[in-house]
Amino acid sequence: MDRFLWTNGLLEPYEDLKAQQHGIKIYDGEDKTPFEYGTLILTSHRLIWRDHKRSDCVLALPLAQVVFLEETESGLGRSAKIVVHLSPAPPNRPPGPAASSQNSYIRLSFKDAGETEFYRRFGEELARRSWEMAQPLPTQHQPAAQTGPTGARRAGIVGIERKLEQKRKETDETISVAFEDLSNLMQKAKDMVGLSKTIAQKIQEKQGAISEDETVQFKSYLLSLGIPNPVTRETHGSGTNYHMQLAKELSQVLQQPLQECGGMMSLADVYCRVNRARGMELLSPDDLLNACKLLEALKLPIRLREFDSGVVVVQLVSHSEEEVVRETSRLVEESGSLTAEELSRVAGFSVMLAKEKLLTTENKGLLCRDDTVEGLRFYPNLFMTKPVSVM
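Residues numbered from 1 in each chain as written. Predicted model: local features only at pLDDT ≥ 70, side-chain atom pairs only at ≥ 80, totals over all residues. Heavy atoms only, no water.

Describing the pairing of strand 4 (residues 38-43)
- For strand 4, the tally of buried residues reaches 6 of 6 residues, placing the bulk of the element in the interior.
- Of the pairings in the sheet, the one linking strand 2 (residues 17-28) to strand 4 comprises 5 bridges and is antiparallel in character. Residue Ala19 lies in a different strand from strand 4, and its bridge partner there is Leu42.
- Pairing analysis gives 5 bridges linking strand 4 to strand 5 (residues 46-51), with the strands arranged antiparallel. (Buried < 20%, exposed > 50% of the residue type's maximum accessible area, 1.4 Å probe, protein only. Helix = DSSP H or I, 4+ residues; strand = E, 2+ residues; numbered from the N terminus. Pairing = 2+ DSSP bridges.)

In structure tokens form, the structure reads like this:
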């Protein structure tokens, strides 16, 4: 365990995510450790372990410290394990969970299976040795090899005729494929043209003064278009690559809706909105959650966040906690006092999110509560927001 280092869990600019597996326990040789249940992340340069309960408990092991791997199968009452043999700890290393260790190997216990795929990817990264590679230099365009005139003369008339015939066949095949794609496009174009005419006609009739009902209807038209090429297990496999591509799709689909609804959306609302856009290619809750957990590691513009109460939301990276507190405090001050239901109507998001924002602002000291039989109501904390006059 003295080879592990403390880290924040974020990937370096030169680092790539390769695999991820939940339910991992770490052994220092044959000895147990406090790191009993977490997520194991394999990158091109490190092995990262993140505690499921404590988000600030993150360990990292440089792949340069790994000598070789062994895989042990599961048995009666014991889970499958990967044995990682390590080189001696370097001197003057950064602080880690253990100052020293008598063992030259660690064991990774896979409680939720997945050890075979992770072992294969782990071995591939050790063989690739990305940490030894320098940053790639810009490639120079090499001049194409020129064919000498002698080869052209040897081809003769027969060779020229063969080339012309081959070009003609390639042209025919290209035209056939193009017309097939054009036929499919024409079939879809009729529906798209009709849809655009309907929307244009309604906008023209209203002359720019579109009511809320019409706006909702227009948005339903756009939502019915869905995601053109949704990520599926058939196209991207069933491993980590599937969840990585799914996370990128979620970032593209949710970025605009998150901006429209104040920068934050509950995971339940995300699940409904994404599945509605995907049409028949529905997502399971587990796949959605695993993809959302990769948003931060992939450095995408949205993040998964869990409140102290256990409520899980997806929010924009730019939507900081300070901004949430400032906006919620402003709305309460303008209204005098607000409940979660009233804030939900004023700001236009769910009651659950309204309550979490009020509690967060209260924890920062800008609001105070009045808990009565009528419910929980929040008021501005005048001790923090108003100057105290001395008599």
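A word on the pattern of salt bridges
- Across all of its chains, the model carries 13 salt bridges by this definition.
- In this structure, the salt-bridge partner of Arg120 is Glu117, at a minimum N-O distance of 2.7 Å. Placement of both Arg120 and Glu117 in helix 1 (residues 115-128) is noted, with a separation of 3 residues, approximately one turn of the helix.
- Glu117 sits in the partly exposed class, given a relative accessible area of 33%.
- Between Arg330 and Glu327 there is a salt bridge; the shortest N-O distance is 2.4 Å. One end of the pair, Arg330, and the other, Glu327, are both in helix 8 (residues 321-335), 3 residues apart, so they sit about a helical turn from each other.
- With relative accessibility at 35%, the residue Arg330 sits in the partly exposed group.
- Classification of Glu327 by relative accessible area gives partly exposed; the value is 37%.
- The network of salt bridges with common partners includes Glu117, Arg120, Arg121 and Glu124. (Salt bridge = Lys/Arg side-chain N within 4 Å of Asp/Glu carboxyl O.)

So, helix 5 (residues 240-260)
- For helix 5, with 21 residues, the first-to-last C-alpha span of 31 Å sits near the 30 Å given by 1.5 Å per residue.
- By the largest-angle criterion, Leu254 marks the main kink of helix 5, which is about 40°, and a proline, Pro257, follows within four residues.
- Every buried residue of helix 5 is listed here: Thr240, Tyr242, His243, Met244, Leu246, Ala247, Glu249, Leu250, Ser251, Leu254, Pro257 and Leu258.
- Following helix 5 by one or two positions, Gly262 has its phi on the positive side, about 95°. (Expected span 1.5 Å × (residues − 1). Bend = angle between axes of the 7 residues up to and from the residue.)

Section: the sheet that holds strand 12 (residues 312-316)
- The strand order across the open sheet built from 3 strands is 10-12-11, with neighbouring strands paired in antiparallel fashion. For this open sheet the edge positions go to strand 10 (264-266) and strand 11 (302-306), each flanked by a neighbour on one side alone. Each neighbouring strand pair of the sheet contributes to a mean axis angle of 30°, computed without reference to strand direction.
- Here strand 11 runs beside strand 12; their pairing, made up of 5 bridges, is antiparallel. Residue pairing in the sheet places Leu304 in a bridge with Val314 of strand 12.
- Of the strands in this sheet, strand 10, strand 11 and strand 12 are in contact with helix 5, which crosses strand 12 at around 85°.
- Sheet contacts for helix 6 (residues 267-278): strand 10, strand 11 and strand 12; angle to strand 10, the most-contacted strand, approximately 85°. (Axes fitted to C-alpha atoms, helices over the stretch in contact; angles between N-to-C directions. Contact = heavy atoms within 4.5 Å.)

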